[in-house]
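# Inside the fold
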Amino acid sequence: MSKYLLRRTLVSIPVLAGISAVLFTILALAPGDPFEELATNPNVPPEVRMNLRAKFGLDDPLPVRYARWVVSMMRGDWGFSFVSRVDVDTLILQRLPATLVVLGSALLLAILVAVPIGTYSALRPYSIFDQVATTLAFIGFSLPTFFTGLLFILLFSIHLDWLPFIYRADIGATGWRWYWEHLRQAIMPVAVLGLFQAASMTRFMRAAVLDVIRLDYVNTARAKGLSEATTLVKHVVRNALIPVVTLVALQVPGIFGGAIVTEQIFRVPGIGSLLINSILANDTPVVMAVTFIFSCLVVASNLAADLLYGWLDPRISYR
Amino acid sequence: MDERELRTLIDEVKSGRLSRRRFVQTMVGLGLTAPLAAQMLASTGVAQAQTKWTFNPTKRGGGGIVKTLWWQAPTLLNPHFANGTKDQDACRIFYEPLASYDPDGNVIPVLAAEAPSLQNGQVAKDGLSVTWRLKKNVQWHDGKPFTADDVVFNWEYVMDPATAAVSVGPYRDIVRIDKLDSHTVKVVFKSPTPFWAAAFCGAATGTIIPKHLFQAYKGDKSREAPTNLKPVGTGPYRFVDFKPGDIVRGELNPSYHVPNRPFFDQIEMKGGGDAVSAARAVIQTGEFDYAWNMQVEDEILKRLEQGGKGRADIVAGGNIEHIQLNTTDPWTEVDGERSSAKTKHPVLSDPAVRQALNLLVDRGSIQEEIYGRTGIATANFVNAPSRFVSKNTKWEFNADKANQILEAAGWKRGADGVRAKDGKKLKFVYQTSINAPRQKTQAIVKQACSKAGIDLELKSVTANVFFSSDPANPDTYSHFYTDLQMYTTTMTQPDPQRFMDQFTSWEVSAKDNKFALTNKTRWRNEEYDRAWKAAETEMDPVKRAALFVKMNDLVIQNIVVIPVVFRPRVAAISSRMRDVVQSGWDSDFWALAYWSKQA
């Protein structure tokens, strides 16, 4: 297994190198200029802009710039934001907690909703409950998060005036009020993201349980006289979770992608909104760092999914 | 309008027959800035009217938190590196300039003890120097005193090319700054400088940073200064926390130099999102108290305002949406560039065609149907009382007249309805950036032009590309590789001198200067150049204003550009806020220390 892990890790190095080269080239070829706003301001002399471009090495040829990026990346230097004049890793670390809190809670919510509902639907296929759950699940994953997000804002913030729709990472309160305010503002983004994932996860869960429940060992367990609850938890759900877990692992990068839009709508100061703002401001080092992190996530979660699969299902061997 | 007429107007203000505000508005209508108008009045001895605050507290603080929303988030907190107004505004919470500009363009002292003027002798008669007396007992947030050394240091800091400060513009005209005593500085200019306020006034270029924290980080090391992210200023609020691209927080400065101010205990400036939802958060739900730059259709603003929790506050500034007419030929390549200054536009060089186009832009409908309160037809050029109007700056919408002019000039309609002469057709490409109101404006102009036998091909470019400074991209506004183009040019800077650069012959945008210079229309006119140079050193504000009016007239007479609408500044303000006065010439936070809120 460790040999397999080593080989997979080595293979991912050229993959990541290739991804970074493509990303860098596309970003360099894309139109736009980080000092654009200075260009349209008649108060700023053009020399200042030229000077800044030279200082940040924007006028060097593409291969030189790429080589410089690779070398500093190896040394653990993520680069320097043109727009904020701060190191990129500081920026990302500042944004990470908000993203992790929102994504983590959303994932948790999705699992808490999807596993019981999916299982119950499978136990009573084509019952009223199953029909309703299926319909809701289809509605859930056909509605994009930016749409449900706006819908939630209209309903809960504007019509009912229950929840704030602007997320503030720093809340000037202490004790219970602090938790309460955080909870209130997190409800909508977490619900939007969590329910979207829960929708497809419910369908996976239902299918997986349906597959397992008809197998002979489940009948054996029942025949042994095990209670229905024990059979369900220890024999059915446990085995049904194997494909679901790997699917969740594969979905993680996708969740980050979905979070970009949701973060923008609710003004959550996470990695996604950092990415959007940096793209709008043509802040290449930040865009490069964030997209590179996303591609690392894709590679890593693929690997994790493969490893998890083998760990959960001992019949699978690594070669 | 010439100098004599201007003087008559000023006399009317003096005798009280014309209100101060009306005078300033008229001058803005003529293409001048309010600060320049205010300077004209000040120089002739008309007293300044101070902004009056409705709320006069007897103690500092007690107002809780004020929450403001900027849909573009601030990214850094060093005013000399500000990428845009969002950064300047964020810096203005903590830092202050020597003086600010109020809505009428008056110079209002902040860190200065009084505003310099010719009358009090602080502005030299020859325009070669200005003396600033600084307020005493002003402390930086860390308790160190603010002195003349800080002012001198700011100039040195900005002037070091390795610092790469974006605020360098007005500081380059300074030869040296003499420290007369601990709280007096004399700023000496290279040449007579009529607009002496540019360097140390206003949030864009005037804010002062502390010497004791920045002197070790001048030049190459400027980006390593820890104070770049943790400002220590003199402002009404002290720094608490900053996350680039997200939020800035401050708390009351207990030793602020204005007694009993500020009112709020905390301030928060949240960034990000979009303009419409920012407007909602202030006007509709009341979650926030203030939101900046409401680029939202007036119809939506009006609907939100019905709830009564907030309002859109509209104040005149100097932004003009205008159409530029190319003077050069965008379709012929000379020395590797199109729109080369060596060529002449084959069709637009005919004044008749320019006049016809000017008659075909229906500013009235554009204001009414597209912009509402957020874009006022530049009728200001004519709507002011008739004696203010210069003869050649009329605008009207008249397709019949356009037809007559074209007919008389020999442009005959062809079989396809498009006019032509000597085998050249009246077909133009009209470009702008992608932005809903602009596309609607394009459609209105195209429709009117087709009535007069002019065929317009509409082109829209993503704003990111259109406004980029990439010398290799032919679709930018600075390349101007089409016949017509439209965008908003900002005249936020208090003095029109730099703004009027854009029609001088030495500023022609071309391949040699990487299209970085400001004259995009490539129009050249000796008379204009002379007037511009004269204005640069003219010390009498009234004579100088007359020169700017003349420059403005030349541009309009020759139809170098067709102004469409003025775009005022729009902010969303909660109805509970008091004394939130916007100035079109300074940061939104220029009077932050005086803001308060009803319980």
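See the structure shown above.
### Remarks on the packing of aromatic side chains
All names here are of chain B. Here the structure, examined in full by the defined rule, presents 34 aromatic pairs over all chains. Over the ring of Tyr477 we find Lys520, and its NZ or CZ is 5.1 Å from the ring centre. Stacked on the ring of Phe55, the Lys or Arg Arg578 has its end atom at 4.1 Å from the ring centre.

### Considering the nonpolar core
Among the nonpolar cores identified, the biggest contains 89 residues, and Phe23(B), Leu98(B), Trp132(B) and Phe200(B) are the most heavily contacted of them. In terms of residue count, helix 18 (residues 541-557) of chain B provides more of this core than any other element does, nine residues in total. If you look at the next biggest cluster of nonpolar residues, it comprises 73 residues, including Val88(A), Leu91(A), Ile153(A) and Ala186(A).

### Details of the packing of helix 1 (residues 3-15) of chain B against helix 18 of chain B
Residues and elements named next belong to chain B. Their axes nearest at 9 Å, the elements helix 1 and helix 18 cross at an angle of 125°. In terms of orientation, helix 1 and helix 18 fall into the oblique class. Where helix 1 crosses over helix 18, the handedness of that crossing is right-handed. Every residue of helix 18 that contacts helix 1 at Glu3, Leu6, Arg7 and Ile10 is listed here: Val542, Lys543, Ala545 and Ala546. Residues of the contact of helix 1 with helix 18, tallied by class, amount to five nonpolar, no polar and three charged.

### Re the interface of chain A and chain B
Counting residues at the interface gives 47 residues for chain A, matched by 62 residues for chain B. A buried area of about 4,600 Å², summed over both sides, lies between chain A and chain B, and 51% of it is on carbon and sulfur atoms. Remark: the boundary between chain A and chain B carries one salt bridge. With its nearest N and O atoms 3.9 Å apart, the salt bridge here joins Lys309(B) to Asp161(A).

### Here's the deal with the sheet that holds strand 6 (residues 184-189) of chain B
Residues and elements named next belong to chain B. Overall, antiparallel pairing links the three strands, which are arranged 4-6-5 in an open sheet. In the strand order of this sheet, the two ends are held by strand 4 (129-133) and strand 5 (174-181), each with one partner. When the angles between neighbouring strand axes are averaged without regard to direction, this sheet yields 20°. Sheet topology note: the strand 4/strand 6 ladder contains five bridges and is antiparallel. Among the inter-strand pairings, Thr131 is bridged to a residue of strand 6, identified as Lys186. On top of the sheet, helix 5 (residues 148-159) reaches strand 5 and strand 6; it is set at about 170° to strand 5, its chief contact.

### Brief notes about the pattern of salt bridges
All names here are of chain B. Per the stated rule, a full pass over the model turns up 30 salt bridges over all chains. Between Arg419 and Glu407 there is a salt bridge whose closest N-O contact spans 2.7 Å. Here Arg419, found in strand 14 (residues 419-421), pairs with Glu407, found in helix 13 (residues 399-408); they are 12 residues apart in sequence, far enough to count as distant.

The rules behind each value
- Residues numbered from 1 in each chain as written.
- Chains lettered and ligands numbered in written order.
- Predicted model: local features only at pLDDT ≥ 70, side-chain atom pairs only at ≥ 80, totals over all residues.
- Heavy atoms only, no water.
- Phe/Tyr/Trp six-rings, centres within 6.5 Å; stacked < 30°, edge-to-face > 60°.
- Lys NZ or Arg CZ within 6 Å of the ring centre and 35° of its normal.
- Core = buried A, V, L, I, M, F, W, Y, C linked by side-chain atoms within 4.5 Å.
- Buried < 20%, exposed > 50% of the residue type's maximum accessible area, 1.4 Å probe, protein only.
- Helix = DSSP H or I, 4+ residues; strand = E, 2+ residues; numbered from the N terminus.
- Axes fitted to C-alpha atoms, helices over the stretch in contact; angles between N-to-C directions.
- Parallel < 35°, antiparallel > 145°, perpendicular 65-115°, else oblique.
- Left-handed = near helix turned anticlockwise from the far one by under 90°.
- Contact = heavy atoms within 4.5 Å.
- Nonpolar A, V, L, I, M, F, W, Y, C, P; charged D, E, K, R; others polar.
- Buried area = accessible area lost by both parts, 1.4 Å probe.
- Salt bridge = Lys/Arg side-chain N within 4 Å of Asp/Glu carboxyl O.
- Pairing = 2+ DSSP bridges.

That's the geometry; what it means functionally is another story.
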